[in-house]
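So the chains spell out like this:
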Amino acid sequence: MAEALHHAVSKIGSTLAEEATKAVINKLSEKVNNLKELPGKVEEIEKELKMMNNVIKQISTPNLTNELVKDWIAEVREVAHRVEDVMDKYSYHALKLEEENRVKKFFSKVHYVKVFSEIADEIIQIERKIENVVKRRDRWLQLPQLIPNPLANIERKRPQDCLLEVPQDDLVGIEDYRRQLTEWLYSDEQGSTMITVSGMGGLGKTTLVTNVYEREKINFTAHAWIVVSQGYDVVELLRKMLRKIGYPEQSQLVDLDAHELKVKIKERLTDSKCLLVLDDVWNREAYTQIGDAFQNLQASRVIITTRQEQVATLAQPTRQLKLKPLERNDAFDLFCRKAFYNRMECKCPQDLEKLANNIVDRCQGLPLAIVSIGGMLSSLPPVDYVWNETYKQLRGELANNDHVRAILNLSYHDIPGDLRNCFLYCGLFPEDHQLSRESLVRLWVAEGFAVRKETSTAEEVADGYLRELIQRNMLEVVESDELGRVSTCKMHDIVRDLVLSIAKEEKFGSANDFASMSHMDKEVRRLSSCGWKDKTAVKVKFSHLRTLVALGITASSPQLLSPILSESNYLTVLELQDSEISEVPVSIGNLFNLRYIGLRRTKVKSLPESIGKLSNLHTLDIKQTKIEKLPRGIVRIKKLQHLLADRYEDEKQSEFRYFIGVQAPKKLSNLEELQTLETVQASKDLAEQLMKLTQLRSVWIDNISAADCANLFATLSKMPLLSSLLLSASNENEALCLEALRPESENLHRLIIRGCWADKTLECPIFCNHGRNLKYLAISWCRLQEDPLQLLAPLVPNLTHLRLNRVNSASTLVLSAGCFSLLKTLVLKRMYDVDQMEIRDGALPQIEGLYVVTLPKLDKVPQGIESLSSLRKLWLRGLNQDFRAQWDRNGMQQKMQYVPELHI
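Cut-offs and rules
Residues numbered from 1 in each chain as written. Predicted model: local features only at pLDDT ≥ 70, side-chain atom pairs only at ≥ 80, totals over all residues. Heavy atoms only, no water. Helix = DSSP H or I, 4+ residues; strand = E, 2+ residues; numbered from the N terminus. Buried < 20%, exposed > 50% of the residue type's maximum accessible area, 1.4 Å probe, protein only. Contact = heavy atoms within 4.5 Å. Areas by Shrake-Rupley, 256 points an atom, 1.4 Å probe, with all protein chains shown as cover. Pairing = 2+ DSSP bridges. Axes fitted to C-alpha atoms, helices over the stretch in contact; angles between N-to-C directions. Lys, Arg positive; Asp, Glu negative; His and termini not counted. Salt bridge = Lys/Arg side-chain N within 4 Å of Asp/Glu carboxyl O. Expected span 1.5 Å × (residues − 1). Left-handed = near helix turned anticlockwise from the far one by under 90°. Nonpolar A, V, L, I, M, F, W, Y, C, P; charged D, E, K, R; others polar. Disulfide = S-S within 2.5 Å. Phe/Tyr/Trp six-rings, centres within 6.5 Å; stacked < 30°, edge-to-face > 60°. Core = buried A, V, L, I, M, F, W, Y, C linked by side-chain atoms within 4.5 Å. Arc of directions from axis to C-beta.

What should I look at first to understand the overall build of the protein in this one?
Each helix and strand counted, the protein has 29 helices and 30 strands in total. Here the protein holds 904 residues, and the buried ones make up 55% of them. Once local pairs closer than 6 in sequence are excluded, the contacts in the protein between residues at least 24 apart make up 64%. Surface accessibility of the protein: about 40,100 Å² in total, with carbon and sulfur atoms responsible for 47%.

If you want it as structure tokens, here you go:
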């Protein structure tokens, strides 16, 4: 739909704002026909595209499948892509001309007069194309097809417009949810009026609530089930509610406004006990606009089902039910009930068990997908070769199945336009790939999907987009960080299948896992080929390519990449994480548009000097590579914001300097837009260089000597935006003095210190004055001798993450009552002095993850560990050989069975 338009409009704005663009127009306008009028023409094109975008946004979801509408949108998309291409072409030649003009006379370049004449002519062609697109819309598309009736979807009809009891077959694996929901209906606790049931589309929210509603409605004097659409109307909702709860005088409702209708509802429900279900609510306003009709009706219950986390928070935290995918056994049971309903006990034939398991795994616990695919297979003969062929086609079936796609499409079309590109982008990564928040944010910014808005940086805008996609249950949270932000997330496989089908239809991009590059569409704009099979150079020319994601390339030859890089002039993102590649082609320096280079965990040993020509580069990620030194030209990349660089000397992380930062390049201070610097080695002039980098948020410094501390830490203290800091000594015996570390930034919440401490370090300002601001603290190779938990608890009371590694300490660690009241993760690793742990009542009230690893003297179960009721992950690994025997003797497996993830 409007995804390409959003991007093209953004591209126009950023291109015309470039100084190089303005300079070219001023200097070449007398030589090139139509160039002087170019800015005005492009601005008019921008306005037309915005209007087209607004028209497309108004088209109702059902009409998007209309062939005429689809064909017209395809034409609009083609125009948007042509605009993006010509803007990139303009930027490319403007930049080349600016570079050459520094050493040669300007107008000696007849070549550029020809190039910009062609660009001006192309803009005229685009203008004509837009005129034809507008005429075609007026000629063939009727107004009702374009403008939706706001009342058309007030209530999506359920089968036969009634609430039949859901078959027991569809209720597999939800007994606990049903029990909890029923219990809440009759609870006398305050705040019980509102209940929300949330989760992604297809998880069975409506199925669950329907079952409870049908069972329990008899116990309420009034009851109503209302399906709320995306285009709901408040007055119509209230009228329908009054009709459902049995208002006697229906004819009187026609002329009443919202306020009057709510008064009638209150009158009707006074002294009554009502059960109201609002099914599939998309925004908070749908309830808040009618919610005052239920004020002070403590005996009534309102259940809301929703895909949006923001809607779910309408209820008290203790009345929010979040559905998860089915457990493996329940998923297989449900599948068999659907696929083999006509067999004895719905049992799967033995020769089909492997295939059935593969199909169930593919559905990843999503009931809607399981029921749909099971129902489809039930009509096929239970024969191995028939099912095998079906399994091969399963991805397409899941993407095209009417039930699955219809439900997931609703979620997709409800996403605001500027988020859709971000959402589609996530589908480029492989199945089950864990998406890092930081990487996603940087990629979206590099692509231009997130741009600065008012006082928010582009990264902050992108961060907001990610939060919204998670709140809409379009992405699943895997891990959260110390601030409660998502750290890693993933996309459900079935959602990814849908995304890839949309991305292909929209010509957004293509993901071909474990495929050959030679078979790709040469017109593709974003290409993901993880597990790339080619052994020889790719001959296909990807002239429109903007993004290449090729994770895990197994061949190391630079000749594999060279043809792609030499032909893809407008490449914006190059992500080659976890690949065997050992060399970066020199031709990478010609990619003027490149904003993101990802080489993390590759075998690259050096970067070519030509990298200094990438004036638009925002992110360079060379963490865990073999690179020791950055090219000198790196300091010419004035727009560089994120420099992530280190190499691993010891993969087992047993040596003190298992990772080593790169040498700081001379004139590092030129990189004034730098926000992330991870990791750089300390040097004599590093403090002076850092003094000018006022935008830095995250700084990691390695190889610090005692002599560096005062000057370096004083400089770090003055950084106004500093939020994350790693300080690593030059060796395990070098004592770091933190006295000069007095951060002015209250944003500094993450502190990692590696190495010995000077005397009285815990009396330094970083702990005594700033300790309350810290959320994440990691200490390693430190010799405290005493109990570090007792020492740290009063100084850093707001920690949510504490990590101690190779810390010399007392033999007994004690967690006292009330200590670390906000801590969610505690890691104790390689602490060779500890033989006993004691967890007293009231300690760690919010702990979710406890990792006790490689404490070889610890032979007893930590006293009081079973009192940690909030625990979700418990690792007790590498302990004394007698530990397991005592664990079993004390019956701890039974006592700790409430912990979902337990490793002993």
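Having seen it, we continue.
Is there a simple way to explain the sheet that holds strand β2 (residues 222-227) in this structure?
Two pairing modes exist for strands in a sheet, parallel and antiparallel, and in both the strands are linked by backbone hydrogen bonds. A sheet is described by the order of its strands in space; here 5 strands give the open sequence β2-β3-β4-β1-β5, paired in parallel fashion. Each of the sheet's edge strands pairs with one partner strand only, and the pair in question is β2 and β5 (320-322). Averaged over neighbouring strand pairs, the angle between their axes works out to 10° when direction is ignored. Across 6 bridges, the pairing between β2 and strand β3 (residues 274-281) is parallel. Its bridge partner lying in β3, V227 is registered against D279.

Is there a simple way to think about the side chain of R806 in this case?
Looking at the secondary structure, you find R806 in the loop between β24 (801-805) and β25 (812-815). Although buried, R806 forms no salt bridge, and the nearest oppositely charged side chain, E732, lies 7.1 Å from it.

Would you take a moment to explain helix α8 (residues 205-216) for this structure?
Owing to its 3.6 residues per turn, the α-helix aligns residues three or four sequence positions apart on the same side. In this model α8 runs 17 Å from its N-terminal to its C-terminal C-alpha over 12 residues, within 8% of the 16 Å that 1.5 Å per residue would give. The element α8 is extensively covered by neighbouring structure, given that 9 of its 12 residues are classed as buried. Looking at α8, one finds that the buried residues are K205, L208, V209, T210, N211, V212, Y213, E214 and E216. Those residues of α8 hidden inside the fold are in contact with α7 (175-185), β1 (194-198), β2, β3, β4 (301-306) and β5.

I keep staring at the pairing of strand β19 (residues 724-729) and nothing clicks. Help me out?
Sheet faces and side chains relate simply in a regular strand, where the side chains alternate between the two faces. Most of β19 sits inside the fold, with 6 of its 6 residues counted as buried. Neither face of β19 is open: one carries S724, L726 and S728, the other L725, L727 and A729, and all of them are buried. Sheet analysis places strand β18 (residues 698-704) next to β19, joined by 5 bridges and oriented parallel. Residue pairing in the sheet places W700 in a bridge with L726 of β19.

Looking at this structure, I do not really get the packing of helix α13 (residues 328-339) against helix α15 (residues 367-378). What am I missing?
Helix-helix packing: each pair is described by the crossing angle between the helix axes and the interaxial distance. Two elements in contact, α13 and α15, have axes separated by 7 Å at closest approach and are oriented at 30°. Both α13 and α15 take part in a crossing whose hand is right-handed. For the pair α13 and α15, the contacting residues are A331, L334, F335, K338 and A339 in the first and P367, I370, V371, I373, G374, G375, L377 and S378 in the second. The residue inventory of the contact of α13 with α15, partitioned by class, reads 9 nonpolar, 3 polar and 1 charged.

When you look at the state of the cysteines in this model, what are you seeing that I'm missing?
In a disulfide, the sulfur atoms of two cysteines are held together by a covalent bond. Enumeration according to the criterion identifies 0 disulfides in this entry. Lacking any disulfide linkage, C489 is separated from the closest cysteine sulfur, that of C426, by 6.2 Å.

Which parts of the structure should I look at to understand the packing of aromatic side chains?
Given two aromatic rings, one states the distance between the centres and the angle between the planes to describe the pair. According to the stated counting rule, one finds 12 aromatic pairs in the structure shown. Residues Y425 and F449 carry aromatic rings whose centres are separated by 5.7 Å and whose planes lie at 75° to one another, so their mutual orientation is edge-to-face. With a gap of 24 residues between them, Y425 in helix α19 (residues 417-426) and F449 in the loop between α20 (437-447) and α21 (458-471) connect regions that are remote in the sequence. Taking relative accessible area as the criterion, Y425 reaches 0% and is therefore assigned buried. Relative to Y658, the ring of Y648 lies with its centre 5.5 Å away and its plane at 90°, an arrangement referred to as edge-to-face. In this pair, Y648 sits in strand β15 (residues 642-648) while Y658 sits in the loop between β15 and β16 (659-661), placing the two residues 10 residues apart along the sequence.

Can you help me understand the environment of M719 in this one?
Topologically, M719 is positioned in the loop between α25 (709-717) and β19. Accessibility expressed as a relative area gives 3% for M719, which makes it buried. The spatial distance from the C-alpha of M719 to the C-alpha of T694 is 5.9 Å, given a sequence separation of 25 residues. When neighbours within four sequence positions are excluded, M719 is seen to be in contact with L690, L696, V699 and S745.

I tried to follow the sheet that holds strand β6 (residues 435-436) on my own but got confused; where do I start?
Read from one edge of the open sheet, 3 strands run β6-β8-β7, paired in antiparallel fashion. Among the strands making up the open sheet, the edge pair consists of β6 and β7 (476-480). Note that β6 and strand β8 (residues 486-490) share 2 bridges and pair antiparallel. The residue bridging S436 from the neighbouring strand is T488, located in β8.

What is the right way to read the pattern of salt bridges from this model?
Side chains that differ in charge, positive against negative, can pair when their charged atoms come close. Per the counting criterion, the structure on display carries 31 salt bridges. In this structure, D463 engages R467 in a salt bridge whose closest nitrogen and oxygen atoms are separated by 3.5 Å. Of the two residues, D463 and R467 are both situated in helix α21; the distance of 4 residues between them amounts to about one turn of the helix. Residue R467 is classed as partly exposed on the basis of its relative accessible area of 47%. The partner of D481 in a salt bridge is R485, with the nearest N and O atoms 2.8 Å apart. Using a relative accessible area of 15% as the deciding quantity, one classes D481 as buried. A single salt-bridge network, built from bridges that share partners, covers R437, D463, R467, D481 and R485.

I keep staring at unusual backbone geometry and nothing clicks. Help me out?
Across residues other than glycine, the phi torsion is negative in most instances, and most of the peptide bonds are trans. Cis geometry marks the peptide bond from E678 to T679; its omega dihedral reads 0°. With a phi close to 60°, R601 is a non-glycine residue in the positive phi region. Mapped onto the secondary structure, R601 falls in the loop between β13 (596-598) and β14 (619-625). Phi at K760 takes a positive value of approximately 60°, unusual for a residue other than glycine. For K760, the location among the structural elements is in the loop between β22 (756-757) and α26 (765-768). Classification of K760 as exposed rests on a relative accessible area of 61%.

Help me understand the nonpolar core in this model?
Taken as a class, soluble globular proteins show a tendency for nonpolar side chains to be buried jointly. Within the largest apolar cluster, 116 residues are counted, with the highest numbers of intra-cluster contacts made by L690, L716, F767 and F820. Ranked by the residues each element gives to this core, the list is headed by α25, at 4 residues. In this structure F820 touches L789, L792, A793, V796, L799, L802, L815, L844 and P845, once residues within four positions along its chain are discounted. Core analysis: the next-biggest nonpolar cluster, separate from the first, contains 86 residues, I195, F332, L428 and M491 among them.

I keep staring at helix α14 (residues 353-363) and nothing clicks. Help me out?
All buried positions along α14 are accounted for by L355, A356, I359, V360, R362 and C363. Projected onto a plane normal to the axis of α14, the buried residues spread over an arc of 155° and lie on a single side. Of the residues trailing α14, Q364 is marked for its positive phi of about 50°.

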